[in-house]
Amino acid sequence: MSILHILQKNTVESLQVLYGQDFSEQDFQVNQTKPEFEGDYTVVLFSLVKRLKLSPDAIGNALGGHLVKTYPELFTGFNIIKGFLNLSVANSYWISLLEKNHNDVCFGKQAMNGKRVMVEYSSPNTNKPLHLGHLRNNFLGWSVAEILKANGYEVFKSCIVNDRGIHICKSMIAWQLFADGATPASTHTKGDHFVGDYYVKFNDEYKKQVSELMEKGMSKENAEKEAPIMQATQQMLLDWEAGEPDVMELWKRMNSWVYEGFDVTYKNIGSDFDKTYYESNTYLLGKKIVEEGLAKGVFVKDPDNSVWIDLTNDGLDRKIVQRKDGTSVYITQDIGLAQQKYEEYKIDQSIYVIGDEQNYHMKVLKLIAEKLGLPNAENIYHLSYGMVELPTGKMKSREGTVVDADDLVDEMIATAKQHTEDLGKVKDFTTEELASLYKTIGLGAMKFYLLRVDPKKKMIFNPQESIDFHGFTGPFIQYTYARIKSILRKETLQPGASLGADLLPLEKEILITLEQYPTIVMQAGREQNPSAIANYLFHLAQVFNSFYAEHSIANAENESKKQLRLQLSSMTANILKSGTALLGIQVPERM
RNA sequence: GGUCCGGUAGCUCAGCUGGAUAGAGCAUCAGCCUUCUAAGCUGAGGGUCAUUGGUUCGAAUCCAAUCCGGAUCACCA
């Protein structure tokens, strides 16, 4: 139990003893004491004044006195300033916390709670390579899954691949028209980029054809429909749905190129999935759902045979769930998949990591699932994250401002290499060790940069800022870890050693911060928010570095101080390592 | 227009279950490597927390209105 929680509980008990009244932990606030006052934790007394009809000073004196008297091993003194009761926590509490946990690499992890959760993330289209936006999604999804595991959930990572539809046919048509049989192998191109290039070619040709038709006097709207390449694409989609062998073969072939490329990227950035769903399989579930919904009266059929759901009573609109030609739309497939996930994994919660541009869509999905009476409908949760923008504005594929994921990863690794070489601290590393270090640092910088901000908010990706490895960055934390490990290699930590009874301010500050880690992990899990971890780790590293600059560990004043500081260092390193692991970031022993 | 989200230092962001003088990083300026890794540390300057009103002992935080920015409202996914 956290010290904050203990203090809350003790306060409730004391108030009961002192005044015979039942208070709950929500009836008053406990904070960390501001540095300018004496004490460690502060009970804010104002909210108790009204109910007890006593002055803040009277309550503070009674409560402070009672706490110190009743829990002398915990509280050593108190003072009251303007309605704030400041309590000092005994050094022995902090020191025993350190003795117990300095070597526990699982500190902060919760026991299994028996709940099963699925986290769906990444969800790429197979017509173009991954970009910066996908990276935020991938890092977020992966990290949230790990954070939930640390909170005791059994987690399944899943991915729905959007592998069919008109956009896929566009790349296929363009390949037929322009590739002349070229393949990723023949052109030495990564498969997903190769296919993406034909998607671009499609759009170029389409634009050309539309403007040609418009020059001949056709309206823009008609030209967009009549352009031969678009007509061919629509025909191809029909052929695909009819299972036409040539089309299916080409589709499989081009998708396999894309998957080869994706695999490389996923492996590189450390994304993995327990289950991959393919839209080409799940879209058929739509029909069944629509029939059931019609039978239940949840859906209605219009005269033209299209099927709708009326959500106007829920403040939304009428929404189509099946086209008049009987084909299923995006949302229908999602309902089917939601059900399939539940049936296959018996999950208690289903999390969707999807951009906030789809807030409306996800609201509709959940509503429909509820109206259909799907068993886990109320546990569908949209983890909605903000878009990634550039300092110049939004990324636009038409304007070529999309930041490619593979390029970015390469750039970050190259930057890590450059910095490392400039500093020249690891000249004895082998080529393999260096390559691994560059990757650890480059990816660490990138992941931290994308995870350090609140996922719900849109963020700006500043290329210059992202390759700065100083300050609030991944490498700063990695560096702090490497520094500690350097000491721990040279000095011997003796587990049962006497640590003395005194704590210097900076030593105590580290301990107070270390103690918060389990609370932060819980908070990050509750909020599904990796940035809580990132902010915490940065703060911990900062506090440790201040301590490190101020006090010597190897040449401490005496042996018990040295052992105390070695244990502080060890526990800090463990938390830096396990915390960064929750963000998908590794820490190097040297850098 | 309807719905939803956001506006905190020059820039990027914390803080938001109401609590003491609003915090970091970057950038700027001034210091600190003969002792454990300077990818570090110490200090300085920098704020009408969009605006106005309300709630109360107390508001960046809660409520309302206004202004500004964004997302979304397809027989696209």
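Novice: Would you mind going over the sheet that holds strand β1 (residues 29-32) with me for this structure?
Specialist: Think of a sheet as strands paired side by side through backbone hydrogen bonds, with each pair either parallel or antiparallel. The strand order across the open sheet built from 4 strands is β1-β2-β4-β3, with neighbouring strands paired in antiparallel fashion. The open sheet has two free edges, formed respectively by β1 and β3 (75-81), since each of these has just one partner strand. Shown here is a sheet whose adjacent strand axes are inclined to one another by a mean of 25 degrees, direction ignored. With 4 bridges connecting them, strand β2 (residues 41-44) and strand β4 (residues 84-89) associate as antiparallel partners. Within β4, the residue paired with Tyr-41 across the bridge is Leu-87. Set on the sheet, helix α3 (residues 56-70) makes contact with β2, β3 and β4; between it and β3 the angle comes to about 175 degrees.

Novice: Help me understand the protein's contact with RNA strand B in this model?
Specialist: Neighbouring residues of RNA strand B: 63 residues in total, closest Phe-84, Asp-304, Lys-394, Lys-425 and Tyr-479. Each atom of RNA strand B within 4 Å of the protein was classed as base or backbone; sugar and phosphate made up 61%. Within the backbone of Phe-472, one N or O atom sits 3.3 Å away from a sugar or linking oxygen of RNA strand B. A distance of 2.5 Å is found between a phosphate oxygen of RNA strand B and a side-chain nitrogen or oxygen belonging to Arg-483. Split by residue class, the surface near RNA strand B holds 26 nonpolar, 17 polar and 20 charged.

Novice: Could you clarify how one ought to interpret the pattern of salt bridges in this entry?
Specialist: Pairs may arise between side chains of opposite charge once their charged atoms sit close together. Enumeration according to the criterion identifies 25 salt bridges in this entry. Note that Glu-507 is salt-bridged to Arg-565, the shortest N-O span being 2.8 Å. On the criterion of sequence distance, the pair formed by Glu-507 in helix α20 (residues 505-515) and Arg-565 in helix α23 (residues 559-582) is long-range, its members being 58 residues apart. Accessibility assignment for this pair places Glu-507 and Arg-565 in one class, buried. Three or more residues joined by partner-sharing salt bridges are found here, namely Glu-146, Lys-149, Lys-157 and Asp-272.

Novice: What exactly am I supposed to notice about the pairing of strand β11 (residues 349-355) here?
Specialist: Side chains on a regular strand alternate between the two faces of the sheet. Extensive coverage of β11 is indicated by the burial of 6 of its 7 residues. Pairing geometry for strand β5 (residues 116-120) and β11, over 4 bridges, is parallel. Among the inter-strand pairings, Met-118 is bridged to a residue of β11, identified as Ser-350. As for the winding sense of the linkage, the β-α-β connection from β11 through helix α15 (residues 359-372) to strand β12 (residues 380-385) is right-handed.

Novice: Sorry, what's going on with the packing of aromatic side chains here?
Specialist: The description of an aromatic ring pair uses the distance of the two centres, along with the angle that the planes make with each other. Under the definition given, this model contains 22 aromatic pairs. Among the aromatic residues, ring-to-ring pairing joins Tyr-121, Phe-262, Tyr-266 and Phe-273 into one connected group. Lying across the ring of Phe-23, Arg-51 places its NZ or CZ 3.9 Å from the centre. Taking NZ or CZ as reference, Lys-341 lies 4.1 Å from the ring centre of Tyr-352, over its face.

Novice: What is the right way to read the nonpolar core from this model?
Specialist: A general feature of soluble globular proteins is that nonpolar side chains tend to end up buried together. By size, the foremost hydrophobic cluster in this structure holds 144 residues, and its most contacted members are Trp-94, Val-119, Met-446, Leu-450, Ile-533 and Ile-575. Ranked by residue count, the leading element in this core is helix α22 (residues 530-550), at 11 residues. Look past the residues within four positions of Met-446 in its chain and what remains in contact with it is Leu-135, Phe-139, Leu-408, Val-409 and Met-412. Counting 25 residues, the second largest nonpolar core, distinct from the first, contains Ile-289, Ile-309, Leu-311 and Ala-338.

Novice: Explain the sheet that holds strand β10 (residues 318-322) here, please?
Specialist: On the basis of which strands lie adjacent, the open sheet formed by 3 strands has the order β8-β9-β10 and antiparallel pairing. Where the open sheet ends on each side, the last strands, each with one partner, are β8 (300-301) and β10. Relative to strand β9 (residues 307-310), β8 runs antiparallel, the two being bridged by 2 bridges. Residue pairing across strands places Lys-301 opposite Val-307, the latter belonging to β9.

Novice: Can you help me understand the domain arrangement of chain A in this one?
Specialist: Size of an interface: often given as the accessible area lost when the parts come together. Assigned domains within chain A: domain 1 (3-89), domain 2 (165-271) and domain 3 (411-582). Each of domain 2 and domain 3 has a C-alpha centre, and these two points are 46 Å apart.

Novice: Which parts of the structure should I look at to understand the packing of helix α6 (residues 166-178) against helix α10 (residues 228-241)?
Specialist: The angle between the axes and the distance between the axes are what describe a pair of packed helices. For the pair α6 and α10, the least separation of the axes is 9 Å and the interaxial angle reads 120 degrees. The crossing of α6 and α10 is right-handed. Where α6 approaches α10, its residues Ile-166, Cys-169, Lys-170, Met-172, Ile-173, Gln-176 and Leu-177 are matched on the opposing element by Ile-229, Met-230, Ala-232, Thr-233, Gln-234, Met-236 and Leu-237. In terms of residue class, the contact of α6 with α10 is made up of 10 nonpolar, 3 polar and 1 charged.

Novice: Explain helix α13 (residues 285-296) to me, please; I cannot follow it from the model alone.
Specialist: Helical periodicity: at 3.6 residues per turn, an α-helix aligns residues three or four positions apart in one direction. The end-to-end C-alpha separation of α13 is 17 Å, in line with the 16 Å expected for 12 residues at 1.5 Å each. What α13 keeps buried is the set Gly-286, Ile-289, Val-290 and Gly-293. Around the axis of α13, the buried residues are gathered within 100 degrees of arc, so they sit on the same side. Residues of α13 that are exposed and point over 90 degrees away from its buried face: Glu-291 and Ala-295. Buried residues along α13 sit against α12 (279-282), β9, β10, α14 (330-345) and α15. Immediately beyond the C-terminal end of α13, within one or two residues, lies Gly-297, with a positive phi of roughly 80 degrees.

Novice: How should I be thinking about the environment of Val-117 in this particular structure?
Specialist: On the secondary structure map, Val-117 appears in strand β5. By relative accessible area, Val-117 is classed as buried at 1%. Each residue touching Val-117, except ones within four places of it in the same chain, is listed here: Leu-148, Tyr-153, Glu-154, Val-155, Phe-156, Ile-347, Gln-349 and Ile-351.

Novice: I keep staring at the side chain of Lys-341 and nothing clicks. Help me out?
Specialist: Take Lys-341: it is sitting in helix α14. According to the relative accessible area criterion, Lys-341 is buried, its value standing at 0%. In contact with Lys-341, not counting residues within four places along its chain, are Met-118, Glu-120, Ser-158, Tyr-277, Lys-346, Ile-347, Ser-350 and Tyr-352.

Novice: Would you explain the packing of helix α5 (residues 132-150) against helix α21 (residues 517-527) in this entry?
Specialist: For the pair α5 and α21, interaxial distance at closest approach is 9 Å and the crossing angle is 125 degrees. Taken together, the axes of α5 and α21 are oblique relative to one another. Crossing hand, α5 versus α21: left-handed. When α5 is examined against α21, the residues Ile-147, Leu-148 and Ala-150 are found in contact with a partner set consisting of Val-521, Ala-524 and Gly-525. Broken down by class, the residue content of the contact of α5 with α21 amounts to 5 nonpolar, 1 polar and no charged.

Conventions used here
Residues numbered from 1 in each chain as written. Chains lettered and ligands numbered in written order. Predicted model: local features only at pLDDT ≥ 70, side-chain atom pairs only at ≥ 80, totals over all residues. Heavy atoms only, no water. Pairing = 2+ DSSP bridges. Helix = DSSP H or I, 4+ residues; strand = E, 2+ residues; numbered from the N terminus. Axes fitted to C-alpha atoms, helices over the stretch in contact; angles between N-to-C directions. Contact = heavy atoms within 4.5 Å. Near = heavy atom within 4 Å. Polar contact = N/O pair within 3.5 Å; in protein donor to acceptor, adjacent residues only side chain to side chain. Nonpolar A, V, L, I, M, F, W, Y, C, P; charged D, E, K, R; others polar. Salt bridge = Lys/Arg side-chain N within 4 Å of Asp/Glu carboxyl O. Buried < 20%, exposed > 50% of the residue type's maximum accessible area, 1.4 Å probe, protein only. Right-handed = clockwise from strand over helix to strand, strands pointing away. Phe/Tyr/Trp six-rings, centres within 6.5 Å; stacked < 30°, edge-to-face > 60°. Lys NZ or Arg CZ within 6 Å of the ring centre and 35° of its normal. Core = buried A, V, L, I, M, F, W, Y, C linked by side-chain atoms within 4.5 Å. Domains from an automatic or database assignment. Left-handed = near helix turned anticlockwise from the far one by under 90°. Expected span 1.5 Å × (residues − 1). Arc of directions from axis to C-beta. Parallel < 35°, antiparallel > 145°, perpendicular 65-115°, else oblique.

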